[in-house]
Each structure stands twice: as C-alpha cells, then as structure tokens.
Amino acid sequence: MIRIENLHVEIDGKEILKGLDLTLEPGKVHAIMGPNGSGKSTLSYVLAGHESYTVTAGSVSYEGKNLLDMEPEERAALGVFLAFQYPVEIPGVQMSNFLRTAVNAVRRLRDEQELDALAFLKLAREKMKALGVQEDMLKRPVNVGASGGEKKRNEVLQMAMLEPRFAVLDETDSGLDIDALKIVAEGVNQLRNPERTFLVITHYQRLLDYIRPDIVHVLAQGRIVKTGGPELAQQLEAEGYAAFTGEQAA
Amino acid sequence: MSISEDTIRQVETIGSKYSAGFVTDIESDKAPKGLNEDIIRFISAKKSEPEWLLEWRLKAFSHWLDMPEPDWAKLDFPPLDYQDYYYYAAPKTQDRPKSLDEVDPKLLETYEKLGIPLREQEILAGVAVDAVFDSVSVATTFRKTLEESGVIFCPISEAVQKHPDLIRKYMGSVVPFHDNKHACLNSAVFTDGSFVYVPEGVRCPMELSTYFRINELNTGQFERTLIVADKGAYVSYLEGCTAPMRDENQLHAAVVELIALDDAEIKYSTVQNWYPGDENGKGGIYNFVTKRGICAGRRSKISWTQVETGSAITWKYPSCILKGDESIGEFYSVAITNNYQQADTGTKMTHIGRNTKSRIISKGIAAGHSDSTYRGQVKIMPKAEGARNFTQCDSLLIGDLCGAHTVPYIESRNPKAQLEHEATTSKIAEDQLFYCRQRGLSQEEAVALIVNGFCREVLQKLPMEFAVEAQKLVGISLEGSVG
Ligand SMILES: Nc1ncnc2c1ncn2[C@@H]1O[C@H](COP(=O)(O)OP(=O)(O)OP(=O)(O)O)[C@@H](O)[C@H]1O
Ligand SMILES: [Mg+2]
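The model shown is predicted, which means the values in this text are computed figures rather than measured ones.

Criteria and cut-off values
- Sequence order as written defines residue numbering, which begins from 1 separately in each chain.
- Chains carry letters and ligands carry numbers; both start at the beginning, A for chains and 1 for ligands, and go up in the order they are written.
- Totals for whole chains, interfaces and linings use every residue, but because this is a predicted model, local features are given only for residues with pLDDT of at least 70 and side-chain atom pairs only at 80 or more, for both listing and counting.
- The basis for the side-chain values is all heavy atoms of the structure; hydrogens and waters are excluded.
- Grid points spaced at 1 Å over the protein atoms alone were grouped into cavities, where a 1.4 Å probe fits but cannot get out, and pockets, open sets with protein on both sides within 12 Å along at least five of seven lines, with lining residues defined by an atom within 4 Å of a point.
- Grid points are joined across faces, edges and corners, and a volume is the space filled by probe spheres set on the points.
- Numbering of helices and strands starts at the N terminus; helices are DSSP runs of H or I of at least 4 residues and strands are runs of E of at least 2.
- The classification used treats Ala, Val, Leu, Ile, Met, Phe, Trp, Tyr, Cys and Pro as nonpolar, Asp, Glu, Lys and Arg as charged, and all other residues, Gly among them, as polar.
- Every residue carries a pLDDT, the predictor's confidence in it, which falls somewhere between 0 and 100.
- Residue contacts are defined here by distance: any two heavy atoms, one from each residue, within 4.5 Å place the two residues in contact.
- For every residue, the accessible area obtained with a 1.4 Å probe (protein chains only) is divided by the maximum for its type, and the residue is called buried under 20%, exposed over 50%, and partly exposed between those limits.
- Following DSSP output, two strands are said to pair if at least two bridges run between them.

Taken as a whole, the largest pocket encloses approximately 1200 Å³ of empty space. Elements supplying a minimum of two residues to the lining of the largest pocket: β7 (90-94), α3 (95-109) and α4 (117-131) of chain A together with α11 (443-459) and α12 (464-477) of chain B. At eight residues, α11(B) tops the list of elements feeding residues into the lining of the largest pocket. For the lining of the largest pocket, the per-class residue count stands at 12 nonpolar, 11 polar and 12 charged.

This part takes up the confidence of the model for chain B. For any part of a model where pLDDT is low, the fine detail of the predicted coordinates should not be relied upon. Residue and element names in this part refer to chain B. Residues of chain B with pLDDT of at least 70 account for 80%, and the chain-wide mean is 83. Mean pLDDT per element in chain B: helix α1 (residues 5-12) is the minimum at 45, and strand β16 (residues 319-322) is the maximum at 98. Low pLDDT, under 50, characterises residues 6-16; the predicted model gives this stretch 42 contacts beyond four residues in sequence or across chains. Reported confidence for the predicted complex is 0.95 by ipTM and 0.84 by pTM.

Moving on to the pairing of strand β11 (residues 255-260) of chain B. All names here are of chain B. The buried count for β11 comes to six of six residues, which makes it a mostly enclosed element. Where strand β8 (residues 224-229) and β11 come together, six bridges link them in parallel fashion. Bridged to I227 within β11 is L258. Looking at chain direction, β11 and strand β13 (residues 284-295) are connected through six bridges and run parallel. Among the inter-strand pairings, V256 is bridged to a residue of β13, identified as K291.

With that settled, the discussion passes to empty space enclosed by the protein. Residue and element names in this part refer to chain B. Evaluated as defined, the whole model comprises six cavities of 30 Å³ or more. For the largest cavity, the lining is made up of 17 residues, of which S362, G364, S372, T373 and Y374 are closest to its centre. Among the secondary structure elements, those contributing two or more residues to the lining of the largest cavity are β17 (328-337), β18 (342-351), β19 (357-367), β20 (371-380), β21 (388-398) and β22 (403-412). For the lining of the largest cavity, the class distribution of residues is five nonpolar, 10 polar and two charged.

Let us look at the side chain of T305(B). Looking at the secondary structure, you find T305(B) in strand β14 (residues 301-308). A residue is classified by how much of its surface remains accessible, and T305(B), at 1% relative accessible area, is buried.

Structure (structure tokens):
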C-alpha cells in the first residue's frame with residue numbers, strides 16, 4: 001500500500017505538485033492520465049527519489065515506511081521501480097554489465113544471493129525472449145543509439161529482471177508500435193500479482209485496452225482531480241481534459 | 001547540471017582507501033643520502049658496471065647539474081631538494097636470487113599483498129614478471145620458457161653484464177641522457193629496471209610485466225626499461241607501480257625506451273597506482289617519467305596504453321618517433337585525478353616516414369580539487385608524405401572544484417598531411433547517476449560504472465589479464481567511504 005498525502009513539490013522554486021493525495025492498493029493497476037505539464041513525471045521522480053525535486057510539504061508512506069526519507073537505491077531495494085519517460089543514455093557501459101550490476105545490487109540489498117554471469121545470462125535471455133528484445137541489446141551501450149521503442153522495451157526488460165513490488169511506468173507506451181505495445185502490455189500483465197502495485201502513466205486509452213487498469217486517476221494542475229473506474233479513461237479519450245483544467249484554472 | 005554534494009564528498013575521501021599503502025619491514029642496504037659523483041660511483045660499483053657505463057653516468061650527471069627544470073607543464077609544486085633523497089636502496093639479501101625459492105619470503109609476501117603473487121603468476125597466469133623493489137630487481141619469473149624462444153627478459157643491470165652489445169647499441173638511443181632534466185637524472189643514477197629483446201621473427205610467447213615497488217622512506221626510484229623488438233617480432237609488456245603511504249613526497253624519475261625494427265610491434269601498457277597522497281594533498285609520489293619509442297623500421301608499430309590513477313604529480317608523455325615508412329604510433333590514455341592530485345600527461349607523435357599514422361585517445365577524469373591536463377604534440381616532418389593523425393581528448397569532471405585542460409600542439413610541415421582533432425569536456429550528469437541509483441546501484445557504484453564506460457575505449461586496449469584489475473582500480477580511485 002502506498003499512501004501519498006498532501007504532497008507539495010517544487011523544482012527551481014516553481015511549485016508543480018500542489019497538495020496531491022493518492023492511495024495505491026496492492027495487487028492493483030492504477031492509471032494516471034493528465035494534460036502535458038500537469039506533473040505526472042514529477043510525481044514519478046519524487047516517488048523514485050530524484051534530488052532535483054524538493055518536497056515542501058506532505059508525506060509518502062510505502063508499506064508503512066516513510067519513502068521520502070530514503071535514498072533512491074534504498075527505495076529500489078524495497079521494490080520501487082520507475083520505467084523512465086526518457087530513459088537515460090550511458091555511453092560505453094554495456095547493457096549486460098549495467099543490468100547485472102543492478103540485479104546484483106538489488107539482490108544484495110535484499111539479502112538474496114547474487115547471480116553469477118551464467119545464471120544472469122540465462123535469466124536475461126528468458127526475459128528478453130518473452131519481451132521480444134533483440135539479444136544484441138545486451139552488448140549495446142545502455143540506451144545509446146537505441147530507437148524510442150527499443151528504449152521503452154528496455155525499461156520493461158529491466159522491470160522484469162528486477163521484479164519490483166511497486167512499478168511506475170511513465171508513458172512507457174509512447175513511441176511503441178502496435179506490436180511492441182502488445183508485447184510490453186503482456187509483459188506487465190505477466191508481472192501482475194496480488195502483492196504488486198502498478199502506477200501506469202499514459203495519454204492513451206490504447207494502452208489501457210491491453211493493460212486493464214483497476215482504477216483511473218486524473219492529474220491536473222498538480223492534484224488528483226478525479227478518480228474512477230476504467231470507464232473514466234474512455235470518457236477522457238472522448239472529451240479531453242477541458243472539464244478539469246477549466247474547473248481548476250487559477 | 002551539477003553533481004550532488006554527496007558524490008563530491010565521497011570522491012574526496014579516497015586517500016584513506018589506498019590499499020597498497022603498507023610498508024614492508026625489511027633491512028636495506030642504502031647509499032648515503034644526497035647526490036654527488038661519489039654516489040654515482042657507489043651505484044655503479046654496486047652493480048659491478050663496466051667503465052663505459054660509469055662514464056656515461058658521470059657525463060649525464062655533470063650535464064644535469066646545469067640543466068633547468070622543465071617548466072612548461074601545468075603543475076604546481078615546491079622546488080625539489082635533490083640532496084634530501086637516497087639514490088640507492090636494496091633489500092639486504094646476499095646475491096641475486098636464482099629462483100623464487102631463494103627470494104626473501106617477506107618480499108614474496110609483499111607482492112602477494114599487492115595482488116601479484118609471483119609464484120602463482122608463474123604457475124597459473126602465464127605472465128612473466130620482473131619485480132623491482134626500490135633499487136633492485138628481486139625476482140624475474142618464467143626465464144626458462146622465454147629463453148627457449150630466444151626472448152631475453154632480465155633486469156637491466158644483468159643485461160649490462162650479459163648483453164653489453166645490445167645495451168651499448170640501444171640504451172640512450174631514443175632518449176638521450178641530455179633529453180630533459182628528469183631523464184638526465186635517471187641516466188646518472190638509474191638503478192634497475194627491465195630489459196627485453198625479442199629476436200627477429202619471434203612472437204613473444206607470453207605477456208611480460210614489471211612490477212615496481214618503492215618501499216624505503218625518502219628513496220627515489222630511477223628505473224630504466226629498454227625494449228627492443230627485432231624485425232618481425234612482437235611483444236606485449238605491462239608495468240605496474242605502487243608505493244607505501246608516506247607524508248613525504250617521493251621522487252620517481254624513470255626512462256623507458258622502445259625500439260621497433262621492420263614489421264615489429266611493441267605494445268606497452270602501464271597501470272600506474274603510485275601513492276597519490278592523502279585527501280589534503282599531503283605526501284604522494286612525484287612521477288616524472290620520460291617514455292619514448294622509435295618505430296625505426298618499415299611497417300613497425302608502437303602502442304602505448306596507460307591507466308594513470310596514482311601519484312601526487314604526474315609528468316609523463318609516452319611518445320613515438322615514426323621514422324620507418326608506414327609505421328604506426330598509438331597512445332591510449334586514462335588519467336584519473338582526485339583530491340589534490342595533478343596530472344600533466346599526453347604524448348608526442350613525430351611523423352618522419354611516409355604514410356605514417358598515429359592515433360591518440362585520451363580520457364581525463366578529474367574529481368576533488370585535482371587538476372588534469374592533456375598535453376599533446378603532433379609533428380609532421382616535410383618528407384612525411386601521406387601522414388595521418390587522429391586525436392580525441394575527452395575530459396570528465398566530477399564536482400566544481402577540479403580542472404581539466406586540453407593543450408594540443410600541431411606542427412605540420414607537410415601540407416598534405418591529414419590531421420583530425422576532437423575534444424569534449426563534460427560532467428557526470430545527474431540524470432545518469434539517478435538512473436543507476438533507481439536501479440539499485442549505490443552512488444559509488446554508479447560513478448565507477450559511468451567512469452568505466454567513459455574510459456572503455458582505452459581500457460579495452462589493455463591485455464585481458466589486466467583489464468579487469470584496471471576497471472576495479474578506476475572505481476577505487478574515485479571511491480569514498482560510504483556515509
Ligand atoms: N527541471 C525543471 N526545471 C523547471 N521546470 C521543470 C523542470 N522539470 C519539469 N518542470 C516543469 O514542471 C511541470 C511538470 O512537468 P512534468 O514533466 O511533471 O509534466 P508531465 O505531466 O509529465 O507532462 P508530459 O505529459 O508532457 O510528460 C512542467 O511545467 C515542466 O515544465
Ligand atoms: Mg511526463
């Protein structure tokens with residue numbers, strides 16, 4: 001269970017989240033939709049612990065712990081995973097090396113046994129096959145020269161390898177062709193279980209056709225302004241955000 | 001984008017992490033402190049040298065007395081008091097050991113602690129090692145195997161006795177004794193180092209390596225290395241260096257000369273991890289090294305690869321004289337400075353022959369209050385038709401208090417020469433660190449990973465056996481205590 005209360009967040013002195021309340025249930029898929037610039041990525045970064053964002057008020061409790069007190073890597077160890085809207089390039093670092101370092105760092109923090117090179121490769125190959133990721137991806141430098149869609153698939157591969165308890169997917173669907181979208185959605189669906197919480201940020205109903213959300217929230221102007229069932233997404237697709245931004249306009 | 005305070009703090013505390021900083025308690029045989037003709041005679045006598053070599057040393061010494069210190073590097077340190085050093089120190093054992101069984105166990109233990117178990121290296125790794133402790137070589141492994149293939153690999157002091165013709169022919173032929181003040185001092189007082197000769201057509205059957213260790217207090221190390229690859233020969237050679245942690249600055253002034261004849265190739269790799277001083281800049285080695293190779297023959301090739309992580313001050317420019325037509329010179333460098341370390345390093349490629357090619361890849365990483373300069377010269381002589389050079393210098397800054405500088409000199413006296421130069425300076429991006437940490441890596445692991453990625457092109461050039469070690473060293477030299 002993740003409970004976000006009255007969250008206020010600033011970047012460079014500008015307030016982006018303005019008293020956001022949100023409760024996420026274990027085993028559920030929550031979708032967040034909202035206009036550009038409304039603070040969706042800001043929320044995902046704050047949950048993951050990005051230092052550029054300053055929390056000025058409010059709290060986030062994660063399985064009873066104060067999430068905001070923790071370093072990003074501690075959160076990762078506790079199962080927080082963020083699929084980035086814009087995955088970061090790390091020149092010269094092979095994906096296999098990056099991924100294995102990450103998997104073993106997390107396993108170490110969780111007091112699990114580290115994977116040796118062979119066990120890692122076996123696991124990675126399995127997951128890659130399931131997600132339709134080309135095998136040569138492991139040899140390529142992290143996200144360098146990858147297409148938009150490849151980067152997103154890469155994020156889902158990392159998620160599958162790290163087996164998080166709380167996964168935030170920030171527009172993982174944008175940039176994916178229709179086949180890739182199905183594969184990625186299938187990847188997420190396979191990971192669904194009664195303990196795992198998903199927060200799926202998207203602009204399109206299309207993704208939600210494949211990943212059926214349990215609950216849909218609308219984020220506008222730094223707050224959750226509406227919460228509903230899957231039908232809310234369809235309504236937004238048809239009518240846009242005008243109703244919400246109009247209501248909330250400063 | 002600026003890096004977090006945390007990282008800066010972490011990388012600033014690396015001084016305490018230097019794992020090679022212990023002292024071996026061993027009795028040693030020393031020359032009196034200071035430098036004069038008598039000391040040089042003492043060293044020469046200790047090594048039972050022939051008259052010509054003593055004369056060469058004395059000539060170098062008289063030249064040295066009047067020579068000014070090189071002052072063009074971007075380095076800042078107080079003047080050296082040359083009379084305050086010992087110029088000869090040797091572990092007190094009887095004679096040169098004939099096999100590892102005769103080597104003082106304390107010495108074997110020292111090398112084992114440093115991760116160079118001489119015995120295992122001999123048995124398992126298939127790497128031949130010459131171990132130089134202060135002023136003398138204490139062990140050379142694999143000599144039999146090498147002798148069978150005709151390769152000579154021995155301490156230079158021994159080569160003076162056994163192969164005087166080769167030594168007289170080649171020593172000082174690439175770096176003349178009057179080349180610069182540091183090389184001149186070395187020529188006067190050099191004590192040991194390695195000699196390699198690979199005969200015509202022979203591919204050296206294993207990696208050769210020399211491991212230099214400074215142990216004694218206030219002792220300079222002045223080794224000389226001479227490698228000759230005869231026609232069509234190939235050799236890959238690696239040197240490693242460490243020293244105990246001490247508050248005084250110690251002097252290391254080495255000379256390395258490489259000679260490649262027709263179709264020969266020499267690959268020379270360095271992993272330099274001399275004590276860098278503490279986090280306040282106290283102590284550390286002054287590393288003043290003259291390294292130069294000549295591609296004397298046609299189609300010969302010399303490749304320098306260096307990973308420089310240690311030393312308080314590094315002054316070092318491994319260079320190539322490309323005399324033979326179609327010869328190739330390469331320089332691949334990673335220089336990491338942290339705390340108050342200073343490095344002024346680079347290369348000089350002199351194109352003399354036709355269709356000569358050179359390639360320079362330099363990666364400088366600066367953290368803490370350190371200062372890192374790439375200084376390189378590409379010189380194309382008028383007859384070097386078809387000469388080509390490619391230079392790429394990348395600098396990575398960690399924090400706001402360090403500096404990185406790129407100083408390329410280009411002198412082309414052949415208008416048709418093709419020269420390409422690229423340079424970049426960047427900072428470790430906050431986003432890269434965050435991405436790694438989101439995946440569970442600690443700040444330190446993230447820095448090590450990103451920096452290793454930045455250096456990959458150079459690290460890949462190291463012999464396999466050492467690449468992994470070097471990668472770890474890159475991480476360690478930027479590591480701090482986890483808070
Ligand atoms: N580093 C920054 N400096 C200043 N403003 C920023 C910074 N990062 C984000 N913002 C601003 O914060 C606001 C919210 O941005 P955020 O990325 O969270 O929006 P979003 O809802 O994810 O939008 P999108 O749908 O376009 O991805 C925007 O107005 C953006 O310009
Ligand atoms: Mg966004």
